Amino acid sequence: MSMTDLRLPRRVELARRPTPLQYLARASERWGRGHRLWVKRDDLTGCLLSGNKVRKLEFIAAHAIDHGYDTLITCGGLQSNHCRATAFAGAQLGLGVHLLLRGERPQQGEGNYLLDQLAGARISCYPKHQYIEQLPQLFADWQAHYQATGRKALAIPTGGSDGLGAWGYIAACEELESDLQEAGIDRAHLITASGSGGTQAGLTLGVELRGLPLTVWGVNVCDDEQYFLDKVAADAADWQARFPGLPAVHPAPRVLDGHAGAGYGVAGPEVFALIAELAALEGLLLDPVYTGKAFLGMTRELAAGRFDDCGDIIFLHTGGVFGVFPQGQGFDFGEQGQ
Ligand SMILES: *Cc1c(COP(=O)(O)O)cnc(C)c1O
């Protein structure tokens with residue numbers, strides 16, 4: 001099978017596609033060291049369905065509908081973008097959504113948690129230790145609960161990252177191919193934040209399948225390099241196992257480790273400072289959980305000469321804008337506000 005024969009599974013149209021590829025003139029000047037910096041605007045895949053998760057959900061939701069599921073169960077942190085996107089995808093498609101969230105139930109909703117509530121999702125909150133120890137059991141218990149009431153619930157893993165969700169960014173590689181042509185880019189490094197690994201897995205597979213002149217890097221925002229090497233390999237293996245007859249691939253994931261700071265959802269002052277600087281410089285807004293760390297990692301690796309073999313760098317903006325609001329206290333505006 002040649003790569004152009006690759007037949008995508010059905011997807012439901014949820015995302016605004018194609019997203020723009022935008023050149024960042026002032027950021028190139030500021031951080032590029034002779035490189036051209038571009039941003040692939042996947043923060044513009046929608047308003048409430050914004051970000052990278054909707055590309056995965058297009059395939060996951062089609063699978064759910066085609067297999068008679070009426071409910072989606074998924075999981076994540078209290079401020080999970082994936083859970084918010086699933087809540088709104090469900091509301092748009094008339095599917096029930098049940099979110100299993102990590103942490104104590106907040107007194108008052110804010111950010112993505114508020115949006116989850118507005119979308120009418122059912123929300124169960126679990127203390128961190130229980131969530132970590134019992135997550136597979138919680139999924140199984142809730143699935144059994146729905147089955148007992150005559151419903152059918154699909155369990156979607158963290159971030160929608162598995163062999164099914166991988167299609168989202170395998171498909172996006174078709175878009176990237178035209179982006180490269182239109183922008184006149186011969187070769188580029190492509191950089192994404194990695195949280196559950198599915199975006200990086202899809203891109204790594206898609207780039208290999210289509211033979212694109214892109215080198216894909218994940219900047220891990222939690223865990224470490226080995227975790228993401230294993231996770232991308234696992235998602236790729238799941239993809240191969242679920243869809244027999246696919247071409248053989250040998251994904252070679254690349255991770256830029258050392259930029260996760262104190263862990264998931266915890267950003268240092270350097271991340272907030274970078275977000276503020278880029279917002280004012282280019283009118284482009286990043287978030288402290290994912291894209292801020294990834295962009296900072298990109299600038300550091302640039303400075304260290306990591307990308308010297310090639311003149312173009314594409315940063316995948318994976319969204320996350322609602323994550324800015326619950327962490328607004330992290331910004332230091334100094335005299336500016338006075
Ligand atoms: C989930 C998320 C990521 C990470 O994507 P994964 O596929 O989970 O690795 C990056 N950026 C944002 C804004 C996200 O919500």
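As the structure is a computational prediction, the values presented were derived from the model and not from experiment.

1. With respect to the sheet that holds strand β3 (residues 71-77)
Moving on, step 1. Strand order in the open sheet formed by 4 strands is β5-β4-β3-β6, with parallel pairing between adjacent strands. Each having just a single partner strand, β5 (122-126) and β6 (153-155) make up the two edges of the open sheet. Strand-to-strand, the axes of this sheet are offset by a mean angle of 25°, without reference to chain direction.
Moving on, step 2. Bridge count between β3 and strand β4 (residues 96-102): 7 bridges; the pairing is parallel.

2. What about the site of the ligand?
Moving on, step 1. Around the ligand, a shell composed of 16 residues is seen, among which K53, K56, S196, T199 and T318 lie nearest.
Moving on, step 2. Residue T199 places a side-chain N or O atom 2.7 Å away from an oxygen atom belonging to the ligand.
Moving on, step 3. Here a nitrogen atom of the ligand and a side-chain polar atom of T318 are 2.6 Å apart.
Moving on, step 4. In the complex, the protein chains occlude 98% of the 380 Å² of accessible area that the ligand would expose alone.
Moving on, step 5. Those elements that provide at least two residues to the shell around the ligand are α2 (53-66), β7 (188-194) and α7 (198-210).
Moving on, step 6. Across the shell around the ligand, the residue classes tally to 2 nonpolar, 12 polar and 2 charged.

3. Structural notes on the domain arrangement of the chain
The accessible area lost on association of the parts is a frequent measure of interface size.
Moving on, step 1. Domain annotation of the chain identifies domain 1 (21-50 + 162-330) and domain 2 (53-160).
Moving on, step 2. Between the C-alpha centres of domain 1 and domain 2 there is a distance of 24 Å.
Moving on, step 3. In this complex, domain 1 contributes 24 residues to the contact, which on the side of domain 2 involves 22 residues.
Moving on, step 4. For the pairing of domain 1 and domain 2, the buried interface totals around 2,100 Å² over both sides, and the portion due to carbon and sulfur atoms is 62%.

4. Topic: the environment of A303
Moving on, step 1. The residue A303 is located in helix α10 (residues 291-303) in this model.
Moving on, step 2. Taking the C-alpha atoms as reference points, A303 and R33, 270 residues apart in sequence, are found 7.5 Å from one another.

5. Quick word on the packing of α7 against helix α8 (residues 225-242)
Moving on, step 1. Close contact between α7 and α8 brings their axes to 9 Å; oriented N to C, the two are set at 60°. Considering the relative orientation of α7 and α8, their crossing is right-handed. Facing α7, whose interface residues are G198, Q200, A201, L205 and L209, α8 presents F228, V232, D235, A236 and W239.
Moving on, step 2. Residues of the contact of α7 with α8, tallied by class, amount to 7 nonpolar, 2 polar and 1 charged.

6. Looking at the sheet that holds strand β9 (residues 255-256)
Moving on, step 1. Sheet architecture is open: 6 strands sit in the order β1-β2-β10-β7-β8-β9, paired in mixed fashion. Each edge of the sheet is formed by a strand with only one pairing partner; in this case those strands are β1 (21-23) and β9.
Moving on, step 2. Packing against the sheet, α10 makes contact with β2 (36-41), β7, β8 (214-220), β9 and β10 (312-317), and its axis sits at approximately 165° to β10.

7. Observations regarding the pattern of salt bridges
Moving on, step 1. Inspection of the entire model under this criterion finds 19 salt bridges.
Moving on, step 2. When the shortest N-O distance is used, the salt bridge between K40 and D179 registers 2.7 Å. On the criterion of sequence distance, the pair formed by K40 in strand β2 and D179 in helix α6 (residues 167-183) is long-range, its members being 139 residues apart.
Moving on, step 3. Residue classification places D179 among the buried residues on the basis of a relative accessible area of 11%.
Moving on, step 4. Residues joined in a network through salt bridges with shared partners are K40, D42, R55, E175 and D179.

8. Details of a negative patch on the surface
Moving on, step 1. A cluster of acidic side chains, namely D223, D224, E225, D230 and D257, defines a negative patch on the protein surface.
Moving on, step 2. When you line up the elements, D223 lands in the loop between β8 and α8.

9. Here's the deal with the UniProt feature "modified residue: N6-(pyridoxal phosphate)lysine" (unreviewed entry) in the chain
Moving on, step 1. UniProt tags K53 as "modified residue: N6-(pyridoxal phosphate)lysine" (unreviewed entry).
Moving on, step 2. Looking at the secondary structure, you find K53 in helix α2.
Moving on, step 3. The contact partners of K53, leaving out residues within four places of it in the chain, are N81, H82, A85 and G159.

10. Examining the nonpolar core
Moving on, step 1. Ranked by size, the top nonpolar core spans 42 residues in total, and within it L99, W167, I170 and W239 carry the most contacts.
Moving on, step 2. Those elements that place two or more of their residues in this core are α2, α3 (81-93), β4, α4 (111-118), β5, α6, α7 and α8.
Moving on, step 3. Counting residues per element, this core draws most heavily on α2, at 7 residues.
Moving on, step 4. In contact with W167, other than residues within four places in its own chain, are L6, R7, L8, P9, F59, W239, F243 and L246.
Moving on, step 5. One finds W217, V221, L256 and L286 within the second-largest nonpolar core, a separate group that totals 34 residues.

Thresholds, definitions, all that
Residues numbered from 1 in each chain as written. Predicted model: local features only at pLDDT ≥ 70, side-chain atom pairs only at ≥ 80, totals over all residues. Heavy atoms only, no water. Pairing = 2+ DSSP bridges. Helix = DSSP H or I, 4+ residues; strand = E, 2+ residues; numbered from the N terminus. Axes fitted to C-alpha atoms, helices over the stretch in contact; angles between N-to-C directions. Near = heavy atom within 4 Å. Polar contact = N/O pair within 3.5 Å; in protein donor to acceptor, adjacent residues only side chain to side chain. Areas by Shrake-Rupley, 256 points an atom, 1.4 Å probe, with all protein chains shown as cover. Nonpolar A, V, L, I, M, F, W, Y, C, P; charged D, E, K, R; others polar. Domains from an automatic or database assignment. Contact = heavy atoms within 4.5 Å. Buried area = accessible area lost by both parts, 1.4 Å probe. Left-handed = near helix turned anticlockwise from the far one by under 90°. Salt bridge = Lys/Arg side-chain N within 4 Å of Asp/Glu carboxyl O. Buried < 20%, exposed > 50% of the residue type's maximum accessible area, 1.4 Å probe, protein only. Patch = residues over 30% accessible without salt bridge, like charges linked within 9 Å, V, L, I, M, F, W, Y side chains within 5 Å. Lys, Arg positive; Asp, Glu negative; His and termini not counted. Charge placed at Lys NZ, Arg CZ, Asp CG, Glu CD. UniProt positions renumbered as here; feature names shortened; annotations may be inferred. Core = buried A, V, L, I, M, F, W, Y, C linked by side-chain atoms within 4.5 Å.

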